[in-house]
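Overview (structure and organization)
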Amino acid sequence: MTDRVEQRATMVHALREEPGSYARTLGDGTEVIYRMRPSDGGFAAGWKRPLGGDPADSHEEEFSSHADALKYLEENFDAPLDRE
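Please read all numbers here as calculations on a predicted model, not as lab measurements.

**Description of helix H2 (residues 66-75)**
Along H2, the positions that sit buried rather than exposed are His66, Ala69, Leu70, Tyr72 and Leu73. Taken down its axis, H2 places every buried residue within 155° of arc, on the same side. Away from its buried face by more than 90 degrees, H2 exposes Ala67 and Glu75. The secondary structure elements touched by the buried residues of H2 are helix H1 (3-16), strand S2 (31-39), strand S3 (42-48) and strand S4 (58-63).

**A short note on the pairing of S2**
Bridge analysis of strand S1 (residues 20-25) against S2 gives six bridges, and the strand direction is antiparallel. By the bridge assignment, Tyr22 is partnered in S2 with Tyr34. From the end of S1 to the start of S2, which pair antiparallel, there are five residues, and Gly29 there has a positive phi angle of about 90°. The pairing of S2 with S3 spans seven bridges and is classified as antiparallel. By the bridge assignment, Arg37 is partnered in S3 with Ala44. Connecting S2 to the antiparallel partner S3 that follows it, the hairpin turn spans two residues, and Asp40 within it adopts a positive phi of roughly 40°.

**Remarks on the sheet that holds S3**
Sheet strands line up and pair through hydrogen bonds in the backbone, either parallel or antiparallel. As summarised here, the arrangement of the four strands in space is S1-S2-S3-S4, forming an open sheet in which the pairing is antiparallel. The outermost strands of the open sheet, each flanked by one partner alone, are S1 and S4. The average undirected angle you get between the axes of adjacent strands in this sheet is 15°. Here S3 pairs with S4 via six bridges, running antiparallel. Along S4, the bridge assignment pairs Ala45 with Glu61. Where H1 meets the sheet, its contacts fall on S1 and S2, and the angle it forms with S1 comes to roughly 165°. Relative to S3, H2 is tilted by about 20°, and along the sheet it contacts S2, S3 and S4.

Quick notes on the rules
- Residues numbered from 1 in each chain as written.
- Predicted model: local features only at pLDDT ≥ 70, side-chain atom pairs only at ≥ 80, totals over all residues.
- Heavy atoms only, no water.
- Buried < 20%, exposed > 50% of the residue type's maximum accessible area, 1.4 Å probe, protein only.
- Helix = DSSP H or I, 4+ residues; strand = E, 2+ residues; numbered from the N terminus.
- Arc of directions from axis to C-beta.
- Contact = heavy atoms within 4.5 Å.
- Pairing = 2+ DSSP bridges.
- Axes fitted to C-alpha atoms, helices over the stretch in contact; angles between N-to-C directions.

Here's what the structure looks like:
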């Protein structure tokens, strides 16, 4: 199992029970924080690079359920790598 696959599985496990955050360090040493939080009757899910400062270093979307938000994070786990 590759490191990315293991990290994705760990993130899903950590956020499956309740909203929160999961931090990951990319190959260049940059930290990415994946977040899920309650929002207006649903959930918001996304990621940010805390030291980036550039709006392109964060992303968030709204979902009607916790399961949909978690699925989105799982399917888009490598999306922050586009900026690496």
